[in-house]
Amino acid sequence: MRKALVVLLIISTLMCGCGKTVRSATTDNDQNTTNSNENNAIADDSASFSEYELNYTDNEGYSFHVECRVSPWILQSNSSVLNATWNSIAKNWELPTINSWGFTKNGNSYTYSEYGMTTFDSKMEDMYYAVGTISITNTTKGFSFSSDRIGCPKVQLVKNSLVDYEKKLITRTYFAKEHETNTMGCVINAKMNSDEWGPVPFVIAYAEHFTPNSPNGENYEKLEAMPLFLAHGEATNSNMVKITIKKL
């Protein structure tokens, strides 16, 4: 009888231990599932990118293939989508906000000056952002780039000079250890010591101002019609690729 009790006690102890192990494994499983769902939710917040390509030959005979990815227009106030989209391409660069672009604030108006001239001047409470990347490949046969032969292609994301769009746009392009801010468009002066360059992230931002007459914003309707083009430094109208950025 005593031996039987000892055996029952051992079996009971083992069963309790197994129960605890199973409960612990289930808890860990639930935690992993929760973490996975959270990561997927963050990834799902990111907007999709449209892709554009440009092939050109410069005046020295070098040929280049340019790839551009660009997001839809996203309001700064839609921070979860904007930040997730930017973080998917940003390489740890910080996304500028209304308060960190370098604007001078005068009441509701924000200004930015380049070369002694005011090139951005708008009332705004929010900004539309389109973020993306530029990659450049040297496709010249027989002439590769290296530290002894540096390639210097110039690529631009520019808008046609229409009055309705003046002084409301600002861009920033991020290179290896610096960035370049411009109010005429993204101007990319690459320095290539190999045949592949990029992807380099960029930001295009456009002012938005809300009024009783324009509760959705003064630029809500016309933003998709902004004439943006992917071009190179020697571009003519015949070899510019039109960029159409939709609103999210």
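Counting restarts for each chain: residues are numbered from 1 in the order of the written sequence. For a predicted model such as this one, the threshold for reporting local features is a pLDDT of at least 70, and the threshold for listing and counting side-chain atom pairs is 80 or more; totals across whole chains, interfaces and linings nevertheless cover every residue. Only hydrogens and water are removed before side-chain values are computed, so all heavy atoms of the structure are retained for them.

**Digging into the side chain of threonine 171**
Line of reasoning, step 1. Helix and strand assignments come from DSSP, with helices taken as H or I runs of at least 4 residues and strands as E runs of at least 2, each series counted from the N terminus. By secondary structure assignment, the location of threonine 171 is in strand β9 (residues 169-174).
Line of reasoning, step 2. The definition of a polar contact used here is a pair of N or O atoms within 3.5 Å, where within protein one atom must be able to donate a hydrogen and the other to accept one, and adjacent residues in sequence count solely through side-chain atom pairs. Of the polar contacts made by the side chain of threonine 171, one reaches the backbone oxygen of glycine 185; its length is 3.0 Å.
Line of reasoning, step 3. Whether two residues touch is decided by their heavy atoms; if any such pair falls within 4.5 Å, the residues are in contact. When sequence neighbours within four positions are dropped, the list of residues in contact with threonine 171 reads Trp101, Glu180, Thr181, Asn182, Gly185, Cys186, Val203 and Ile204.

**Concerning the sheet that holds strand β8 (residues 154-159)**
Line of reasoning, step 1. The antiparallel open sheet is built from four strands, whose spatial order is β11-β8-β13-β14. The open sheet has two free edges, formed respectively by β11 (185-189) and β14 (241-243), since each of these has just one partner strand. The mean inter-strand angle of the sheet, taken between neighbouring strand axes irrespective of direction, is 20°.
Line of reasoning, step 2. Strands are treated as partners if at least two bridges between them are detected by DSSP. Across five bridges, the pairing between β8 and β11 is antiparallel. Counted as the bridge partner of leucine 157 is cysteine 186 from β11. Working convention: axes come from line fits to C-alpha atoms, limited for helices to the stretch in contact. Angles between N-to-C directions cover 0 to 180 degrees.

**Some words on the packing of aromatic side chains**
Line of reasoning, step 1. The pairing test for Phe, Tyr and Trp rings, Trp by its six-membered ring, is centres within 6.5 Å, and the orientation test on the planes gives stacked under 30 degrees, edge-to-face over 60, and tilted for anything in between. The final tally for this structure, using the stated rule, is 11 aromatic pairs.
Line of reasoning, step 2. Aromatic side chains phenylalanine 103 and tyrosine 112 sit 6.4 Å apart centroid to centroid with 85° between the ring planes, which places their arrangement in the edge-to-face category.
Line of reasoning, step 3. Here's how the labels work: a residue is buried when its accessible area is under 20% of the maximum for its type, exposed when over 50%, partly exposed in between, all with a 1.4 Å probe on protein chains only. Owing to a relative accessible area of 16%, tyrosine 112 belongs among the buried residues under this scheme.
Line of reasoning, step 4. Only when the NZ atom of a Lys or the CZ atom of an Arg is both within 6 Å of the ring centre and within 35 degrees of the ring normal do we say a charge sits over the ring. Sitting above the plane of the phenylalanine 49 ring, arginine 69 keeps its charged end 4.7 Å from the centroid.
Line of reasoning, step 5. The aromatic ring of tyrosine 220 is capped on one face by lysine 247, whose charged end is 4.6 Å from the ring centroid.

**Brief notes about the nonpolar core**
Soluble globular proteins tend to bury their nonpolar side chains together.
Line of reasoning, step 1. Of all hydrophobic cores here, the largest spans 34 residues; its most connected members are Trp73, Ile134, Ile136, Trp197 and Leu230.
Line of reasoning, step 2. Among the elements of the structure, β1 (50-57), β2 (63-70), β7 (126-138), β8, β11, β12 (196-208) and β13 (228-232) are those that each provide at least two residues to this core.
Line of reasoning, step 3. In terms of residue count, the dominant contributor to this core is β12 (five residues).
Line of reasoning, step 4. Every residue in contact with isoleucine 134, bar those within four places of it in the chain, is listed here: Val66, Glu67, Cys68, Leu157, Ile188, Trp197, Gly198, Pro199, Val200, Phe202 and Leu230.
Line of reasoning, step 5. Buried Ala, Val, Leu, Ile, Met, Phe, Trp, Tyr and Cys residues that are joined via side-chain atoms within 4.5 Å together make up what is termed a nonpolar core. Ranked by size, the runner-up nonpolar core spans 24 residues in total, among them Leu95, Phe103, Phe120 and Val203.

**Regarding the pairing of β2**
Line of reasoning, step 1. Relative to β2, β1 is paired through eight bridges, and the arrangement is antiparallel. Counted as the bridge partner of leucine 54 is valine 66 from β2.
Line of reasoning, step 2. Counted along the chain from β1 to the antiparallel partner β2, the turn is five residues long, and its residue glycine 61 has a positive phi close to 95°.
Line of reasoning, step 3. With seven bridges connecting them, β2 and β7 associate as antiparallel partners. In the strand pairing of β7, valine 66 is matched with isoleucine 136.

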